[in-house]
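Overview (structure and organization)
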Amino acid sequence: MSDYIIKTENLKKSFNGEFVVKGIDLKIPQGGCFGLLGPNGAGKTTTLRMLLGRSPLTDGTMEVLGLEMPKHARRVRHDVGVVPQSDNLDPDFTVVENLEVYASFFNIRGDVIKKRIKELLKFVELNEKAGTRINQLSGGMKRRLSIARAMVNEPRLLVLDEPTTGLDPQVRHLIWARLRELKNSGTTLLLTTHFMEEAERLCDDIVIMDYGAILSQGHPKQLIGKHVEPEVVEIHGELETLPKSLIRTALDRVEIVGETIYYFTDDPGKIIEQVENRPNIHYLHRPANLEDVFLRLTGRELREI
Ligand SMILES: Nc1ncnc2c1ncn2[C@@H]1O[C@H](COP(=O)(O)OP(=O)(O)O)[C@@H](O)[C@H]1O
Ligand SMILES: [Mg+2]
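In short, a report on the structure. Each chain carries its own residue numbering, running from 1 in the direction its sequence is written. Ligands are numbered from 1 and chains lettered from A, in the order in which they are written. Reporting of local features is limited, given that this is a predicted model, to residues whose pLDDT is at least 70; pairs of side-chain atoms are given and counted only at 80 or more, and all residues count toward the totals for whole chains, interfaces and linings.

We now examine the overall build of the protein. Only DSSP runs of H or I covering at least 4 residues are called helices, and only runs of E covering at least 2 are called strands; the numbering of each starts at the N terminus. Along its length, the protein carries eleven helices and 14 strands. Taking all 305 residues of the protein together, 34% fall into the buried category. A pair of residues counts as a contact when their C-beta atoms, built from backbone coordinates, are separated by no more than 7 Å. Of the contacts made within the protein by residues no fewer than 6 positions apart, 69% connect residues no fewer than 24 positions apart. Here a residue counts as buried when 20 or more other C-beta atoms sit within 10 Å of its C-beta, as exposed when there are 12 or fewer, and as partly exposed otherwise, the C-beta atoms being derived from the backbone.

Here it is, written out as structure tokens:
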């Protein structure tokens, strides 16, 4: 038995001979929130599906909850909750029926299930929708129901694939609050996201991956410290009016994207004194964040899949 709730070695997946997961090693300790970050097509969902025994691995080894996978997939599923990337609720049933049907897969006593479902609906603020059909729910309600469903078996590990993509800020904040509560109560969370704010708020440890490989791992603050200078001055406006020396002095720390210069620095004062009080030049001074790291590691080109 390892101390990790998830451990993989050299995990690989190929489709039609093309590797989309290229040998990744993950060690996810029990407790806390682990984030898997990467642009579209990075291999996040494929990795999760292998870990859950839903997609056969091409090579490597993996353990979930200390059990070899996919050999022990049935046992592991008993202690794991899954919120898939796209909601797969049963449209023929109501909110409460969806939870009841799902709960019936686990050997839980009827009265226990009833009580738990009531608590879960309250937890995700859907108690007033108990008798509503799925097609009458908004996207945010469906996602909250998917989270409640994943909690029915009181899992030790909750896996969430882009839990807040496509949701409005109100729902997103509610979901963050609930996930934080779950984390504080001892449930281990594994989530994928491309919301850096989400990862920064929730995750204790993050892996950034792209093209099926891990690029970096660490606590959000660690990653920021490791990959980018601590402060950023964003400059836009009539850039041609700026002194040429401003850009030349530290080309390695400057990124020019369209009409904006991103100046990564540990001495923002020096830059600000050259750009302030110039007509037609605007600047924003801010601390470096995880999004800067993400873009530095995965590049700025668009991924439209
Ligand atoms: N069933 C499949 N057959 C062929 N290619 C697939 C299949 N599932 C995923 N892929 C490819 O694998 C790559 C990784 O996809 P995915 O794991 O969904 O990425 P992510 O979740 O990070 O956006 C993509 O290039 C995708 O097109
Ligand atoms: Mg995905």
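Here the narrative resumes.
Side-chain positions along a regular strand alternate between the two faces of the sheet. Where strand β1 (residues 4–15) meets strand β2 (residues 18–29), nine bridges bridge the pair, whose relative direction is antiparallel. Paired with S14 across the bridge in β2 is F19. In this scheme, strands are said to pair when DSSP sees at least two bridges between them. The turn joining β1 and β2, which pair antiparallel and follow one another in sequence, is formed by two residues; a positive phi near 50 degrees is taken by N16.

This paragraph deals with the pairing of strand β8 (residues 188–193). Across the six residues that make up β8, a large majority, six, are buried. Judged by which residues are buried, β8 turns out to be covered on both faces: T188, L190 and T192 on one side and L189, L191 and T193 on the other are all buried. Pairing of strand β3 (residues 33–37) with β8 involves five bridges; the strand directions are parallel. When the bridges of β8 are listed, L36 appears paired with T192. Summarising the sheet, strand β7 (residues 157–161) and β8 pair through five bridges and their orientation is parallel. Paired with V159 across the strands is L190, a residue of β8. Crossovers are described as right-handed under a simple rule: with the strands pointing away from the observer, the path leading from the first strand over the helix to the second runs clockwise. Between the parallel elements β7 and β8, the chain passes through helix α6 (residues 169–184) in a crossover that is right-handed.

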